[in-house]
Amino acid sequence: MEIGYYPGCALHGSSNDYESSVRACLSALGVSLRELDDWICCGATAAHCLNQKLAVALPARNLALAERDGLPQMLAPCPMCSMELIKAGSLLAQDAELRREISEIVELPVSGSTQILNLIQIFQKIGAARIKEAAVHSLEAFCPACYYGCLLTRPPENLRFDDCEQPSSMETLLRELGAQPVDWNFKTECCGAGMTIAHEETVLDLSNKILSNAAAHGANCIVVACPMCQVNLDMKQAAINARHGTAHDLVVYYLSDLVGLALGLDQQALGIDRHFVVRK
Amino acid sequence: MKMPDEPTIADVERIAHASVRDCYQCGKCSAGCPQAHAMDVLPNQLVRWVQLGRIDKAMRAAAVWQCVSCMTCSTRCPKSVNCAGVLDALRQLSVEHDAAAPGQRRTIVFQQAFLDNIRRNGRLREMELVGIFKTKAFFGDLNIPLLMKDALLAPQMMKRGKFHLFGERVRDRGLVQRIFERCHC
């Protein structure tokens, strides 16, 4: 299976462990990724805070490239990117005048027809049965709190792969692979996302609630599918402990890390050794 | 400098791709907001001010820049009012009208530095962003602890191969600049 791939800035920057993980895991499952040529940043929070036209045009340029290059489906493993691509695509698909205007701005025709998929959706597409068949290790030692974060299941009118309030798709997959996910309360609460640099206290406070709730429900690790969630819960875990006097010690895996471990891939290939909190 | 005309409900609805008229003030947006505890004005109150045409008042609230854009409000709204979009519109207007709450300056400087970075490079160069943001923020508040705060993370990131001094740029940077110009940014 070949699929379009929009890595986004985080996966080509400080979240390069996520890119290693996604690539290694999907390659082992026979999925080849065709990276969008000369893709540009989706604009992220900055564009939708400051200039709504730009917040459509930047993702639209990438959608136009995907249409030009014949990629009807594209994986965007960062939920910020995928949400911006989905929002722009849906606005374009509904509005002929906007399509004309944005096509001129981005210098390529764009219709918004590209289907954007997140990491969970790729695994659903491959199928839990096939992944289970390829697995060589059981994940029985893992009791993860599956953390979807705020954007992965939103906006719900465009994303129907799971319930937006009580998602369970990560649990379903990981249970198939032997893991014992815990039931907990903070699956879709926000970690503070892009406030990490501008207003760190926000991130430390919100992320502390997430880590505390996961630990209180017996989780021995957290599983995410978002580079911002991973950075805030993992890289900032020491700062959270310092600010709140807590002693959190939870490894924060990407979903593809755990699937990759079940497939027999090593920690290095998956980038797990680049996390801040590591399993002793 | 001449200020642009006072913003109207129509401006908010146009920028936000949202209708505020449907809101019946149930407060579900504020009940689920993870930042409500820190806000001076709650999301449903901001929407109410917009309904009443008091955009001038709404865009001055600190809450506008304390919002983390998690979309919980829009997701849960029983009337499908895009509350997160309304907040986006208020942020954009607060900068255009130079009316943002003074305490929120750092967040605005960060978002502006982020967009400038994309305009120049087409992709985010993280270390360049952090350097420029920290310098600009420091000249605003002269806060040395905040300036130095993440310095200890740099060697740890380097050890993990996560620190890229320069980072990537796109080939067609002229196009990126034209997109920004055409969006009046």
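None of the values given here were measured: they were computed from a predicted structure.

A. Region of the structure containing the overall build of chain A. Secondary structure summary: chain A contains 15 helices and 7 strands in total. On C-alpha atoms alone, chain A measures out to a radius of gyration of 18 Å, which is about the 19 Å that the 2.2 N^0.38 rule sets for 280 residues. When the backbone C-alpha atoms are referred to their principal axes, chain A occupies close to 55 × 45 × 30 Å. Of the roughly 9300 Å² that chain A leaves accessible, carbon and sulfur atoms contribute 48%. Side-chain charges of chain A comprise 21 positive and 32 negative groups, with the mean position of each set lying 1 Å from the other.

B. The arrangement of the interface of chain A and chain B in detail. Across the boundary between the two partners, chain A contributes 59 residues, which contact 54 residues of chain B. In total, chain A and chain B occlude about 5100 Å² of area from one another, counting both sides; carbon and sulfur atoms represent 61% of this. Along the contact surface separating chain A from chain B lie 7 salt bridges. A salt bridge links A:Asp17 to B:Lys162; the nearest nitrogen and oxygen atoms lie 3.0 Å apart.

C. Focus on the pairing of strand S6 (residues 221–224) of chain A. Residue and element names in this part refer to chain A. A two-sided burial pattern is seen for S6, the buried positions comprising Cys-221 and Val-223 on one face and Ile-222 and Val-224 on the other. Bridging between strand S5 (residues 144–146) and S6 involves 3 bridges; their strand directions are parallel. Counted as the bridge partner of Ala-145 is Ile-222 from S6. The pairing of S6 with strand S7 (residues 251–254) spans 4 bridges and is parallel. Bridged to Val-224 within S7 is Tyr-254.

D. Just the packing of helix H2 (residues 16–28) of chain A against helix H7 (residues 119–126) of chain A, in detail. Residues and elements named next belong to chain A. The geometry of H2 relative to H7 is characterised by a closest axis approach of 12 Å and an angle of 5° between their N-to-C directions. Considering the angle they form, H2 stands roughly parallel to H7. In this structure, H2 contributes Tyr-18, Val-22, Cys-25 and Leu-26 to the contact, and H7 contributes Leu-119, Ile-122, Phe-123 and Ile-126. Here the contact of H2 with H7 is built from residues that sort into 8 nonpolar, no polar and no charged.

E. Expanded view of the environment of B:Val20. Residues and elements named next belong to chain B. Relative to the assigned elements, Val-20 resides in the loop between helix H1 (9–16) and helix H2 (28–32). Separated by 85 residues in sequence, Val-20 and Arg-105 have C-alpha atoms that sit 27 Å apart. In this structure Val-20 touches Ile-9, Glu-13, Val-47, Val-50, Gln-51, Val-81 and Val-86, once residues within four positions along its chain are discounted.

F. Layout of the packing of aromatic side chains. For the coordinates displayed, the defined rule picks out 7 aromatic pairs over all chains. With a centroid separation of 5.3 Å and 65° between ring planes, the pair formed by A:Tyr6 and A:Trp39 is classed as edge-to-face. Of this pair, A:Tyr6 sits in the loop between strand S1 (2–5) and helix H1 (8–11) while A:Trp39 sits in the loop between strand S2 (32–35) and helix H3 (44–50), placing them 33 residues apart in sequence. Each member of the pair A:Tyr6 and A:Trp39 is classed as buried. Every member of this aromatic cluster is reached through a ring pair, and the members are B:Phe110, B:Phe114 and B:Phe133. Here the basic side chain of A:Arg279 rests over the ring of A:Phe142, its NZ or CZ set 4.6 Å away from the ring centre.

G. Quick look at unusual backbone geometry. Cis geometry marks the peptide bond from A:Arg154 to A:Pro155, where omega comes out at -5°. With respect to the helices and strands, the residue A:Pro155 is situated in the loop between S5 and helix H9 (169–176). The residue A:Glu107 is not glycine, and still its phi comes out positive at about 60°. By the secondary structure assignment, A:Glu107 is in the loop between helix H6 (96–106) and strand S4 (115–117). Among the residues examined, A:Glu107 registers a relative accessible area of 35% and is labelled partly exposed. One non-glycine residue, B:Ser69, lies in the positive phi region at around 55°. Classification of B:Ser69 by relative accessible area gives buried; the value is 9%.

H. Structural detail: the pairing of S1(A). Residues and elements named next belong to chain A. Of the strand pairs in this sheet, S1 and S2 are connected by 4 bridges, and their pairing is parallel. Residue pairing for S2: Gly-4 is matched across the bridge by Arg-34. Where S1 lies against strand S3 (residues 73–75), 2 bridges are found, and the strand directions are parallel. Across the sheet, residue Tyr-5 finds its bridge partner in S3, namely Leu-75.

I. Just the sheet that holds S7(A), in detail. Residue and element names in this part refer to chain A. As summarised here, the arrangement of the 3 strands in space is S5-S6-S7, forming an open sheet in which the pairing is parallel. Either end of the sheet is taken by a strand with one partner, and the two such strands are S5 and S7. The sheet shows a mean angle of 30° between the axes of neighbouring strands, direction not considered. Against the sheet, H9 makes contact with S5 and S6, and its axis sits at roughly 145° relative to S5, the strand it touches most. Strand contacts of helix H14 (residues 255–262): S6 and S7, with the helix running at about 80° to S7, the strand carrying the most contacts.

J. Seen up close, the pattern of salt bridges. Residue and element names in this part refer to chain A. Applying the stated criterion to the full structure yields 30 salt bridges over all chains. Between Arg-34 and Glu-2 there is a salt bridge whose closest N-O contact spans 3.8 Å. Taken together, the positions of Arg-34 in strand S2 and Glu-2 in strand S1 put the pair 32 residues apart, joining distant regions of the chain. Arg-34 gets classed as partly exposed once you look at its relative accessible area, which sits at 34%.

Parameters at a glance
Residues numbered from 1 in each chain as written. Chains lettered and ligands numbered in written order. Predicted model: local features only at pLDDT ≥ 70, side-chain atom pairs only at ≥ 80, totals over all residues. Heavy atoms only, no water. Helix = DSSP H or I, 4+ residues; strand = E, 2+ residues; numbered from the N terminus. Rg over C-alpha atoms; globule rule 2.2 N^0.38 Å. Areas by Shrake-Rupley, 256 points an atom, 1.4 Å probe, with all protein chains shown as cover. Lys, Arg positive; Asp, Glu negative; His and termini not counted. Charge placed at Lys NZ, Arg CZ, Asp CG, Glu CD. Contact = heavy atoms within 4.5 Å. Buried area = accessible area lost by both parts, 1.4 Å probe. Salt bridge = Lys/Arg side-chain N within 4 Å of Asp/Glu carboxyl O. Buried < 20%, exposed > 50% of the residue type's maximum accessible area, 1.4 Å probe, protein only. Pairing = 2+ DSSP bridges. Axes fitted to C-alpha atoms, helices over the stretch in contact; angles between N-to-C directions. Parallel < 35°, antiparallel > 145°, perpendicular 65-115°, else oblique. Nonpolar A, V, L, I, M, F, W, Y, C, P; charged D, E, K, R; others polar. Phe/Tyr/Trp six-rings, centres within 6.5 Å; stacked < 30°, edge-to-face > 60°. Lys NZ or Arg CZ within 6 Å of the ring centre and 35° of its normal.

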